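# Fold and geometry: a report
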Amino acid sequence: MIVNKAPMGWNSWNTFAEKIDETLILKSADALIESGLAESGYKYVVIDDCWALRERGKDGRLEADPKKFPRGMKVLAEEIHRRGLKFGMYSCCGLMTCAGYPSSLDREWTDAQTFAEWGVDYLKYDYCYRPWNRRGEELYRAMGHALANSGREILFSACNWGADESQKWIRTTGADMWRSTGDIVDNWNSVKDIIGKQFALLAYNAKGCFNDMDMLIVGMNGKGNVGLGGCTEAEYRTHFAAWCLLQSPLMIGCDVRNMDTFTLNLLKNPVLLSIQQDEKCMQVYRADSPADWNSERGESFAAARGLSNGDIAIGFFNLSDDVRGIICTLNDLGIGVSSGKTLEMQNCWTNETEYPVNGAILKSLNPHESVVYRAKIVDRK
Ligand code: GLA
């Protein structure tokens, strides 16, 4: 499988954990369609951990828990496909899954076959309980080979939390995306921590295998499995804007059956999604001075990424608890005076057009606020 755009969808874990069943999954799939989120690109419906029986069947195959999924996974996959969506499932490369269900260790080929027969389009593959004498890269390669030979296109979503310097070997495994951080929880500290940990990993993010900053908490509002406190609207905006600018996959983690207007509008933000889905997948760079991510621990910064049509995405982020001014000059972006060019910048929140003043963009941002622009390079008048 070749993945050129950072994947988008919904995953059951953040809100529901083990409280999953066929009705919930299908109602969530329906909600993705009725809300217009599917049309915006959120196509994968992913069942996380806790879907299986605690023991394999007599034939050695994984079995869905019949209390939760009475018609089985093949029927569920058909139902999801009938809605024009794609179906994701979960397993683990260690001795058992993180929640203690059977894993795929040394059963990779059997399980990949089962997933292919069920009609699975996406496999999230976790890293809990790795045997002490087995290397992570070997275990992920094993599933990578099995999926690539399963006869079905199955997106391989590695979930190894950036452990064991996985950025250095994850592309040897066939993974299409890989978790570059530990688990997100629904509060500001978690968002800030995850953004801070990405700076050293930006060069690894590219088409074919995307850095996955973990599932979205937008819309959780403190509820559900990882709903530990919730965020303000500004904090959810900054979370979503950072995931889009850094081109992380976007897997919604809230209850899509009950979303408020703020959540829905944020998840559908067209400027941010056009940036997140850009197929050129250029590297994000620090775009303000000083260019050191570690200055004041990178708590306020500008970051930019070139886009396939020649535009530039430019984000201003204030992760600190004070009001901060952030300056990005046209020079920082590689647009020198000699070019005779400037920018026409579309503000992702207001949709209004703004221009640099005297060759610079100066933003004053309240604590935890951000703004991202999609900027066109135009002649200076
Ligand atoms: C790990 C993963 C989470 C989730 C749980 C399920 O913690 O990182 O995303 O899949 O396991 O048990």
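All figures in this text were calculated on a predicted structure; none of them were measured in a lab. (Residues numbered from 1 in each chain as written. Predicted model: local features only at pLDDT ≥ 70, side-chain atom pairs only at ≥ 80, totals over all residues. Heavy atoms only, no water.)

## What about the overall build of the protein?
Within the protein one finds 10 helices and 16 strands. Residues classed as buried in the protein amount to 59% of the 381 residues present. Considering only residue pairs separated by 6 or more positions, the protein has 73% of its internal contacts joining residues 24 or more positions apart. Carbon and sulfur atoms provide 49% of the accessible area of the protein, an area that totals close to 15,600 Å². (Helix = DSSP H or I, 4+ residues; strand = E, 2+ residues; numbered from the N terminus. Buried < 20%, exposed > 50% of the residue type's maximum accessible area, 1.4 Å probe, protein only. Contact = heavy atoms within 4.5 Å. Areas by Shrake-Rupley, 256 points an atom, 1.4 Å probe, with all protein chains shown as cover.)

## Focus: the nonpolar core
With 94 residues, the main nonpolar core has Y42, W51, M73, F240, W243 and I252 as its most contacted residues. A total of seven residues in this core trace back to one element, the largest contributor, which is helix α8 (residues 233–245). Setting aside chain neighbours within four positions, we find M73 in contact with I47, W51, A64, F87, M89 and W118. I312, I326, I335 and Y373 belong to the second-largest nonpolar core, a separate cluster that totals 18 residues. (Core = buried A, V, L, I, M, F, W, Y, C linked by side-chain atoms within 4.5 Å.)

## Focus on the site of the ligand
By nearness alone, 13 residues border the ligand, and D48, D49, K124, D126 and D183 come closest of all. A distance of 2.8 Å is found between an oxygen atom of the ligand and a side-chain nitrogen or oxygen belonging to D49. Within the contact set of the ligand, an oxygen atom lies 2.9 Å away from a side-chain nitrogen or oxygen of W161. For the ligand, whose accessible area on its own is 310 Å², the fraction buried by protein is 93%. Broken down by class, the residue content of the shell around the ligand amounts to seven nonpolar, no polar and six charged. (Near = heavy atom within 4 Å. Polar contact = N/O pair within 3.5 Å; in protein donor to acceptor, adjacent residues only side chain to side chain. Nonpolar A, V, L, I, M, F, W, Y, C, P; charged D, E, K, R; others polar.)

## Some words on the environment of G222
Within the secondary structure layout, G222 lies in the loop between β7 (210–212) and α8. Here G222 falls in the partly exposed class, since its relative accessible area comes to 27%. For the pair G222 and Q167, spaced 55 residues apart in sequence, the C-alpha to C-alpha distance is 31 Å. With residues near it in sequence (within four places) discarded, G222 still touches D186, G227, G229, G230 and Y236.

## Here's the deal with the packing of helix α5 (residues 108–118) against helix α6 (residues 136–148)
Contact geometry of α5 with α6 gives a least axis separation of 9 Å together with a crossing angle of 40°. By the angle between their directions, the pair α5 and α6 is classed as oblique. Taken as a pair, α5 and α6 cross one another with a handedness that is right-handed. Residues E108, W109 and A112 of α5 form the contact with α6, whose participating residues are L139, A142, M143, H145, A146 and L147. Residues that form the contact of α5 with α6 fall into these classes: seven nonpolar, one polar and one charged. (Axes fitted to C-alpha atoms, helices over the stretch in contact; angles between N-to-C directions. Parallel < 35°, antiparallel > 145°, perpendicular 65-115°, else oblique. Left-handed = near helix turned anticlockwise from the far one by under 90°.)

## A word on the layout of surface pockets
Reported here for the largest pocket is a volume of approximately 270 Å³. Along its surface, the largest pocket is lined by 16 residues, and L330, T342, P356, G359 and R380 are the ones closest to its centre. Elements that contribute at least two residues to the lining of the largest pocket include exactly β13 (341–347) and β16 (370–379). Of the residues assigned to the lining of the largest pocket, the class counts are six nonpolar, six polar and four charged. (1 Å grid on protein atoms, 1.4 Å probe; cavity = no way out; pocket = protein on both sides within 12 Å on 5 of 7 lines; lining within 4 Å. Points joined across faces, edges and corners; volume = space filled by probe spheres on them.)

## Brief notes about the state of the cysteines
Using the criterion set out here, one finds one disulfide in the structure. A disulfide bridge connects C98 with C128, and the sulfur atoms are separated by 2.1 Å. Looking down the S-S bond of the C98 and C128 bridge, the torsion is 100°, so its handedness is right-handed. In this pair, C98 sits in the loop between β3 (86–92) and α5 while C128 sits in the loop between β4 (122–126) and α6, placing the two residues 30 residues apart along the sequence. (Disulfide = S-S within 2.5 Å.)

What is shown is where atoms sit, not what they do.
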